[in-house]
Amino acid sequence: MEERITTVERDGLRFDIRDDGPLDGEPIVLLHGFPQDSRSWDAVAPHLHAAGYRTFAPDQRGYSPGARPPRRRDYLLELLVDDVVALVEAVPGGRAHVVGHDWGAAVAWVLAAHRPELVRTVTAVSVPHPAAFLRSFVTGPQLLRSWYMLVFQLPWIPEILLGKETVARRMLSGTGQPSAATDRDVARLKDRAAVRAGVNWYRAVPLSNPKWSFAKVTVPTLMVWSDKDSAIGPGGVEATARYVTGPYRRETLVGTSHWIPDEEPEKLARLVLEHVAAHG
């Protein structure tokens, strides 16, 4: 009988995995973003299970207590991708549909571009293709929206600020996150080590090899964006199509914030199910 996958180990790191849904279901890997963890998919996953899919939601590097290396270069994009490779290779069949939100979307894009044999379909939520995102910094106002990425390069200050409940609540609820999700994520931000690890994803950006960000995606791709996203403007989203050579679909959720899995889980699940059914 098939068993649940609760952990995956790679290079001495142990990643916690939430494996739910029918054991014989086609696998969907769900990648969370910053500053959340696998619980950000709690309202989405049941809809996928009801449709017969099995989901694997990891707490990614820095978010799993057993996978929290100290240096910022331990969070290079290529390492984050290799972590998910280890998970996908462990799921039944060694291939999966991959869905990522926020930073999880960035990892999903690069995984799909560099290891297409592991990815049946990819769904990127909120964050466009990395090359399109970088392009939007010089062709539009995205740099102003991404001011916090520069602040996160500072030592210690981001950890101190995010550890303050008033600041964390303003950052989350002030950008449209529902109150229950804000309560959940504010509680985890009280763990200074967890906050530092999450911020290290941003600190490692200048150290990552640019080639990892520019490869085009050949697998069937769905891009889901929301027009009230305070962090991600339309420029990078509109430019994403040029970096996808496989079947491509873009959907915009009107009146929705950056926190799509928390705010519109049913709509997101419906789009994902349509996408994977069309290309499964």
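Conventions we followed
- Residues numbered from 1 in each chain as written.
- Predicted model: local features only at pLDDT ≥ 70, side-chain atom pairs only at ≥ 80, totals over all residues.
- Heavy atoms only, no water.
- Helix = DSSP H or I, 4+ residues; strand = E, 2+ residues; numbered from the N terminus.
- Rg over C-alpha atoms; globule rule 2.2 N^0.38 Å.
- Buried < 20%, exposed > 50% of the residue type's maximum accessible area, 1.4 Å probe, protein only.
- Contact = heavy atoms within 4.5 Å.
- Areas by Shrake-Rupley, 256 points an atom, 1.4 Å probe, with all protein chains shown as cover.
- Lys, Arg positive; Asp, Glu negative; His and termini not counted.
- Charge placed at Lys NZ, Arg CZ, Asp CG, Glu CD.
- 1 Å grid on protein atoms, 1.4 Å probe; cavity = no way out; pocket = protein on both sides within 12 Å on 5 of 7 lines; lining within 4 Å.
- Points joined across faces, edges and corners; volume = space filled by probe spheres on them.
- Nonpolar A, V, L, I, M, F, W, Y, C, P; charged D, E, K, R; others polar.
- Phe/Tyr/Trp six-rings, centres within 6.5 Å; stacked < 30°, edge-to-face > 60°.

Participant: Outline the overall build of the chain, supporting the account with residue identities and numerical values.
Facilitator: Looking only at helices and strands, the chain features 14 helices and 8 strands. Computed over the C-alpha atoms, the radius of gyration of the chain is 17 Å, within 12% of the 19 Å expected from 2.2 N^0.38 for a compact globule of 280 residues. Burial statistics for the chain: of 280 residues in total, 56% are counted as buried. Contacts in the chain between residues far apart in sequence, at least 24 positions, make up 77% of those at least 6 positions apart. Only carbon and sulfur atoms are counted for the fraction: they give 55% of the accessible area of the chain, which is about 11500 Å². Within the chain, the 33 negative side-chain charges are centred at a point lying 7 Å from the centre of the 33 positive side-chain charges.

Participant: Got a sec to walk through empty space enclosed by the protein? Specific residues and values, please.
Facilitator: Across all of its chains, the model carries 1 cavity of 30 Å³ or more by this definition. Estimated volume of the largest cavity: approximately 60 Å³. Surrounding the largest cavity, Val8, Phe15, Ile17, Pro58, Asp59, Gln60, Arg61, Asp83, Val84 and Leu87 form its lining. Contributions of two or more residues to the lining of the largest cavity are made by strand E2 (13-20) and helix H2 (77-90). Broken down by element, the lining of the largest cavity gets its largest block of residues, 3 residues, from H2. Its residues assigned to classes, the lining of the largest cavity comprises 6 nonpolar, 1 polar and 3 charged.

Participant: Give me the lowdown on the packing of aromatic side chains, citing residues and values where you can.
Facilitator: Under the counting rule described, the total for this entry stands at 10 aromatic pairs. Seen from their ring centres, Tyr63 and Trp201 are 5.9 Å apart, and the 80° between their planes marks the pair as edge-to-face. Of this pair, Tyr63 sits in the loop between strand E4 (54-58) and H2 while Trp201 sits in helix H10 (residues 192-203); the two residues are 138 residues apart in sequence, bridging distant segments of the chain. Note on accessibility: Tyr63 and Trp201 belong to one class, buried.

Participant: Tell me what's going on with the layout of surface pockets, and back it up with residues and numbers.
Facilitator: Here the largest pocket defines a volume of roughly 580 Å³. Mapped onto the lining of the largest pocket, the elements with two or more residues apiece are H2, helix H3 (103-114), helix H4 (130-139), helix H6 (147-151), H10 and helix H11 (211-214). Take the lining of the largest pocket: its biggest share by element is 4 residues, from H4. For the lining of the largest pocket, the residue count by class is 23 nonpolar, 6 polar and 1 charged. Taken as a whole, the second largest pocket spans an internal volume of roughly 470 Å³. Every residue lining the second largest pocket is counted, 19 residues in all, and those nearest its centre are Trp147, Tyr148, Phe152, Met171 and Thr175. Of all the secondary-structure elements, those providing two or more residues to the lining of the second largest pocket are H6, helix H7 (157-162) and helix H8 (165-173). For the lining of the second largest pocket, a count of residues per class yields 14 nonpolar, 3 polar and 2 charged.

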